[in-house]
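The chain contents come next:
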Amino acid sequence: MEKAGLYIHIPFCVQKCLYCDFLSFSGRFQYAKQYADQVCREIEFKKDWGKKLEFDSVFIGGGTPSSIEPEWIAQILNKARTVFSFAPDSEITIEVNPGTLSQAKLKAYSEMGINRVSMGMQSTSDRLLHSIGRVHSKEEGIHCALTLAQYFTNRNIDLISGIPGIDGEQPQTMAELQEDLAFITAMQVPHVSIYSMITEPGTPLYQLTQENKVIACDDELERQMYHHIREYLILNGYDHYEVSNFARPGYVCKHNMKYWQGSPYLGIGLGSASFLPWDHNSDTYVRSTNETDLMKYLDQVEFAPKEEILIPLDERRCEYMMLGFRRIKGPDPELYQSLFQQDLYKDFDSHLSYLHTMEYIRSDLSLTKKGMDYANHIFEMFV
């Protein structure tokens, strides 16, 4: 039975952050129990995938899953365990935010079999947290990180670099970033994800930018921050295994590796995406997206996807290369051979020659320091 990932979306938040373009909304908690019931119905509707796939990673994301009652998370997880096949060593992750987390919730997550927690801390600076619309303070973030460590060994903390100055504030400084990094290492957090702030159209941050109320972080400073993050964390025992992700030995995120290695995954819940084999042709995959309107989702009976796109073999190969270069080690030629029964070096000879000439990659396909700086250009080559 093929190994796969299972993603479960919880769209509820206390407050929408200024930069967030994920499918989520503030409030509307009056629908949370109804939503949990509907997610269980969707799991039952898609029970046939339990006969075809074995899930060895589960990711409960959002939104802010910790903003709803733990009993509803348990209800969904119990239903998934009943209907689908879970591997004995499954990694089961839940996303949480300090402003909605408590010791009681962490205890409940542990008791329901969740074994990994990813906390969106984003910064240890009160001024930056306030400016980007976070609902927690530095003190709350630190307290939650300490409490989290009491219940979970396998845990991740999200941070943001390159935070702009918003509505009168100055952009993030190198000293503030270093304070974040020092906190991570002092806490011995085994996994950290650090994302560079991106201004996405349709977000409040984008609107503020259009109104000239945002001071962007200097490009050169952002680049210096990225290299400082990498050098500091490697020096402190982390492996930089993906463009934005660092892990101590044994703590690489199994679920995220599904995306970067072209593995199948099933999405459950509002707006969730799936990447699954097409029944008529195992070489062709289907990328589908669930209904994105909450009220329409709650009324669904047959859970027809909002959108479906066939991904033929040639496109899958290119996508594998693009996602593979998100990993610092680069695409895996042996995995490519296993997936496509083709030679990676022959299929992409001209691409790889160019990347070598530009000194973006080494002979083993791993990214150079220069390649990391031009990662977006590399990704675009395979689109």
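The structure reproduced in this document is the subject of the present report.

1. As for the packing of aromatic side chains
Thinking step 1. Tallied over the full model, the rule gives 20 aromatic pairs.
Thinking step 2. Geometrically, the ring pair formed by phenylalanine 45 and phenylalanine 303 is tilted, given 5.7 Å between the ring centres and 50 degrees between the ring planes. Taken together, the positions of phenylalanine 45 in helix α1 (residues 32-45) and phenylalanine 303 in the loop between α11 (294-299) and β16 (307-311) put the pair 258 residues apart, joining distant regions of the chain.
Thinking step 3. Among the aromatic residues, those joined into a cluster by ring pairs are Phe12, Phe25, Phe29, Tyr35, Phe45, Tyr297 and Phe303.
Thinking step 4. Between arginine 223 and the ring centre of tyrosine 374, over which it is positioned, the NZ or CZ distance is 5.8 Å.

2. A word on the pattern of salt bridges
Thinking step 1. Per the stated rule, a full pass over the model turns up 18 salt bridges.
Thinking step 2. Residues lysine 51 and aspartate 48 are paired through a salt bridge, measuring 3.5 Å at the closest nitrogen-oxygen approach.
Thinking step 3. Relative accessible area serves as the criterion here: at 63%, lysine 51 is assigned to the exposed category.
Thinking step 4. On the accessibility criterion, aspartate 48 (42% relative accessible area) is partly exposed.

3. Quick word on the packing of helix α7 (residues 174-186) against helix α9 (residues 219-235)
Axis angle and axis distance: for two packed helices, these are the angle between their axes and the distance between the axes, and together they describe the pair.
Thinking step 1. Their axes nearest at 11 Å, the elements α7 and α9 cross at an angle of 20 degrees. When the axes of α7 and α9 are compared, the pair comes out roughly parallel. Crossing geometry of α7 relative to α9 is assigned as right-handed. Contacts between α7 and α9 involve Met174, Leu177, Gln178, Leu181, Ala182 and Thr185 from the first element and Leu221, Gln224, Met225, His228, Ile229, Tyr232 and Leu233 from the second.
Thinking step 2. Looking at the contact of α7 with α9 residue by residue, the classes come out as 9 nonpolar, 4 polar and no charged.

How each quantity is defined
- Residues numbered from 1 in each chain as written.
- Predicted model: local features only at pLDDT ≥ 70, side-chain atom pairs only at ≥ 80, totals over all residues.
- Heavy atoms only, no water.
- Phe/Tyr/Trp six-rings, centres within 6.5 Å; stacked < 30°, edge-to-face > 60°.
- Helix = DSSP H or I, 4+ residues; strand = E, 2+ residues; numbered from the N terminus.
- Lys NZ or Arg CZ within 6 Å of the ring centre and 35° of its normal.
- Salt bridge = Lys/Arg side-chain N within 4 Å of Asp/Glu carboxyl O.
- Buried < 20%, exposed > 50% of the residue type's maximum accessible area, 1.4 Å probe, protein only.
- Axes fitted to C-alpha atoms, helices over the stretch in contact; angles between N-to-C directions.
- Parallel < 35°, antiparallel > 145°, perpendicular 65-115°, else oblique.
- Left-handed = near helix turned anticlockwise from the far one by under 90°.
- Contact = heavy atoms within 4.5 Å.
- Nonpolar A, V, L, I, M, F, W, Y, C, P; charged D, E, K, R; others polar.

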